[in-house]
Amino acid sequence: MTKVLLTGAAGTLGSAVYRQLLTDGFEVLATDQSRDLSLPGPIKVANLLDREVCYDLVDGMDVVVHLANHPNAHFGTAQKVFNENVMMNMNVFQAA
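Because the structure is predicted, anything quoted here is derived from the model rather than measured.

## Let's talk about the side chain of Ser15
Okay, so step 1: Summarising the element assignment, Ser15 is placed in helix 1 (residues 12-23).
Okay, so step 2: Given the relative accessible area of 13%, Ser15 is considered buried.
Okay, so step 3: Discounting chain neighbours no more than four positions away, the residues touching Ser15 are Gly8, Ala9 and Leu39.

## Comments concerning the side chain of Asp32
Okay, so step 1: By the element assignment, Asp32 lies in strand 2 (residues 27-32).
Okay, so step 2: Summary of buried charges: Asp32 has no salt-bridge partner, and the nearest side chain of opposite charge, Arg35, is 9.7 Å away.

## Here we look at the nonpolar core
Okay, so step 1: The biggest cluster of nonpolar side chains holds 10 residues, and these are Leu5, Ala46, Leu48, Cys54, Leu57, Val58, Ala68, Met88, Val92 and Ala95.
Okay, so step 2: Put simply, the parts of the chain that give this core at least two residues each are helix 2 (51-58) and helix 3 (78-95).
Okay, so step 3: Leave out the neighbours within four places in its chain, and Leu48 touches Thr7, Cys54, Leu57, His66, Ala68, Met87, Met88, Asn91 and Val92.

## Some details on the layout of surface pockets
Okay, so step 1: Each pocket or cavity is described by its volume, and for the largest pocket that value is around 370 Å³.
Okay, so step 2: Taken together, 20 residues line the largest pocket, and the ones lying closest to its centre are Asp32, Gln33, Ala68, Asn69 and His70.
Okay, so step 3: Elements that contribute at least two residues to the lining of the largest pocket include exactly helix 1 and helix 3.
Okay, so step 4: Broken down by element, the lining of the largest pocket gets its largest block of residues, 3 residues, from helix 1.
Okay, so step 5: Partitioning the lining of the largest pocket into residue classes produces 10 nonpolar, 8 polar and 2 charged.

## Section: a negative patch on the surface
Okay, so step 1: A surface patch of negative charge is lined by Asp50, Glu52, Asp56 and Asp59.
Okay, so step 2: Structurally, the position occupied by Asp50 is in the loop between strand 3 (44-45) and helix 2.
Okay, so step 3: Judged by its relative accessible area of 35%, Asp50 is partly exposed.

Quick notes on the rules
- Residue positions are counted from 1 within each chain, in the order its sequence is given.
- Restriction of local features to residues with pLDDT of at least 70 applies here, the model being predicted, together with a cutoff of 80 or more for giving and counting side-chain atom pairs; totals for whole chains, interfaces and linings are based on all residues.
- For the side-chain quantities, the full set of heavy atoms in the structure was used; hydrogens and water were omitted.
- Only DSSP runs of H or I covering at least 4 residues are called helices, and only runs of E covering at least 2 are called strands; the numbering of each starts at the N terminus.
- The buried label applies to any residue whose accessible area, calculated with a 1.4 Å probe on protein chains only, is under 20% of its type's maximum; exposed applies above 50%, and partly exposed to all values in between.
- In this description, contact between two residues means that some pair of their heavy atoms is separated by no more than 4.5 Å.
- Only four residue types enter the charge count, namely Lys and Arg as positive and Asp and Glu as negative; His and the chain termini do not.
- We count a salt bridge whenever a side-chain nitrogen from Lys or Arg sits within 4 Å of a carboxyl oxygen from Asp or Glu.
- Throughout, nonpolar core names a set of buried Ala, Val, Leu, Ile, Met, Phe, Trp, Tyr and Cys residues whose side chains join them through atoms within 4.5 Å.
- Method remark: on a 1 Å grid restricted to protein atoms, a set of points is classed as a cavity if a 1.4 Å probe fits but cannot get out and as a pocket if it is open with protein on both sides within 12 Å along at least five of seven lines; lining residues have an atom within 4 Å of a point.
- Grid points are joined across faces, edges and corners, and a volume is the space filled by probe spheres set on the points.
- Three categories are distinguished: nonpolar for Ala, Val, Leu, Ile, Met, Phe, Trp, Tyr, Cys and Pro, charged for Asp, Glu, Lys and Arg, and polar for the others, with Gly belonging to the last.
- Excluding any residue in a salt bridge, patches collect residues exceeding 30% relative accessible area, merging like charges within 9 Å and nonpolar Val, Leu, Ile, Met, Phe, Trp and Tyr side chains within 5 Å.
- In this description, accessible areas are obtained by the Shrake-Rupley approach with a 1.4 Å probe, and a residue is regarded as covered only by the protein chains that are shown.
- Note on charges: their place is set at NZ of Lys, CZ of Arg, CG of Asp or CD of Glu.

Dropping the structure here:
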């Protein structure tokens, strides 16, 4: 069975992808910065700003679907959102 790491699983796009991956029979490790109890499976709370966490999450996965990022400035200043999004992307991509 194909193992998929899905980041941003509690987001708008991530939750739809999560449901579809499970429907299609994939083994999914779903992660987000918060839990969403309405989802069809568990979510591992993870901080993708922590490089080591990303390496642990990717270990043993066949596929990475990276959808985690701050969607808007609600999470801080534009500079903070940009910097954190770049850092999350770099950490996940390097770990993959």
